[in-house]
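Structure assessment
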Amino acid sequence: LLASLAPVHQGLAEKNSKKITVGWVEDIILAEGRVRVRAKLDTGATTSSIDAREIEAFEKDDEDWVRFKVVDRDTGTEQWLERPVERKVKIKRHEGKPDIRYVVDLTICIDSTEIEDEVTLNNRDGFNYPVLVGRNHMAGRIIVDPGERFTDDPDCK
């Protein structure tokens, strides 16, 4: 029986060797602004979310864009970013009106891996972590070890 499982185990090892393993909380870099922030890696969330402040919509070259500020909570360093709007999403709330959020493409650096995908912009001031990395950024690239935290410093070129 064990001999028959060996090829399956070997195939899984080869498939996973291309992925990085990180903890459930990591420091990451927002590549565009080179801002270092703390992130929770959440396999239960589909889309990533970033703490964006002072979000301003504007038009550029006949397209919808947003300008927003990200803050390194440890140092207070602020960086303004501008990105084209990919779409808007409606977030249902338990009480009150639904919340409309902008979705933009953003590159994040985890460990030594740069990944560009969609993030929702939201004021996450009330959350422990300014960034929530969802499955869209992790799929096929990252394995989360829930017993680990801060496995390596982000180092993308």
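What you are looking at is a predicted structure, and each value in this text was computed from that prediction instead of being measured.

Focus on the sheet that holds strand β6 (residues 63–71)
Sheet strands pair by backbone hydrogen bonding; their relative direction is either parallel or antiparallel. Taken together, three strands build an open sheet; the order of strands is β5-β6-β7 and the sheet is antiparallel. The open sheet terminates on both sides in strands that have one partner only, identified here as β5 (53–60) and β7 (78–84). Adjacent strand axes in the sheet meet at a mean angle of 20 degrees, parallel and antiparallel pairs treated alike. Here seven bridges tie β6 to β7, and the two strands are oriented antiparallel to one another. Paired with K69 across the bridge in β7 is W80.

Description of the side chain of T120
Position of T120 relative to the elements: it lies in strand β10 (residues 113–122). Separated by 3.4 Å, the side chains of T120 and S49 make a polar contact. Discounting chain neighbours no more than four positions away, the residues touching T120 are T47, S48, S49, I50, V89, Y102 and V103.

Some words on the pairing of β6
Moving residue by residue along a regular strand, the side chains alternate between the two faces of the sheet. Alignment of β5 against β6, held across six bridges, turns out to be antiparallel. Counterpart to R53 in the pairing with β6 is K69. Connecting the antiparallel pair β5 and β6 is a turn made up of two residues, with D61 showing a positive phi of about 55 degrees. Here β6 folds back onto β7 in antiparallel fashion, the turn holding six residues, of which G76 has a positive phi close to 80 degrees.

Some words on the nonpolar core
I28, L30, I50, I110, L121, V133 and I142 are the most contacted members of the largest nonpolar core, which has 26 residues in total. Counting residues per element, the ones that place at least two in this core are β1 (20–23), β2 (25–30), β3 (35–41), β6, β9 (99–110), β10 and β11 (131–133). Discounting residues that sit within four places of it in the chain, V133 has contacts with A39, K40, L41, D42, S48, I108, I110 and M138.

A short note on the side chain of H137
Among the structural elements, H137 can be located in helix α2 (residues 135–138). Residue class for H137 comes out buried when judged on its relative accessible area of 0%. Here the side chain of H137 touches D117 through a polar contact of 3.5 Å, landing on its backbone nitrogen.

Thresholds, definitions, all that
- Residues numbered from 1 in each chain as written.
- Predicted model: local features only at pLDDT ≥ 70, side-chain atom pairs only at ≥ 80, totals over all residues.
- Heavy atoms only, no water.
- Pairing = 2+ DSSP bridges.
- Helix = DSSP H or I, 4+ residues; strand = E, 2+ residues; numbered from the N terminus.
- Axes fitted to C-alpha atoms, helices over the stretch in contact; angles between N-to-C directions.
- Polar contact = N/O pair within 3.5 Å; in protein donor to acceptor, adjacent residues only side chain to side chain.
- Contact = heavy atoms within 4.5 Å.
- Core = buried A, V, L, I, M, F, W, Y, C linked by side-chain atoms within 4.5 Å.
- Buried < 20%, exposed > 50% of the residue type's maximum accessible area, 1.4 Å probe, protein only.

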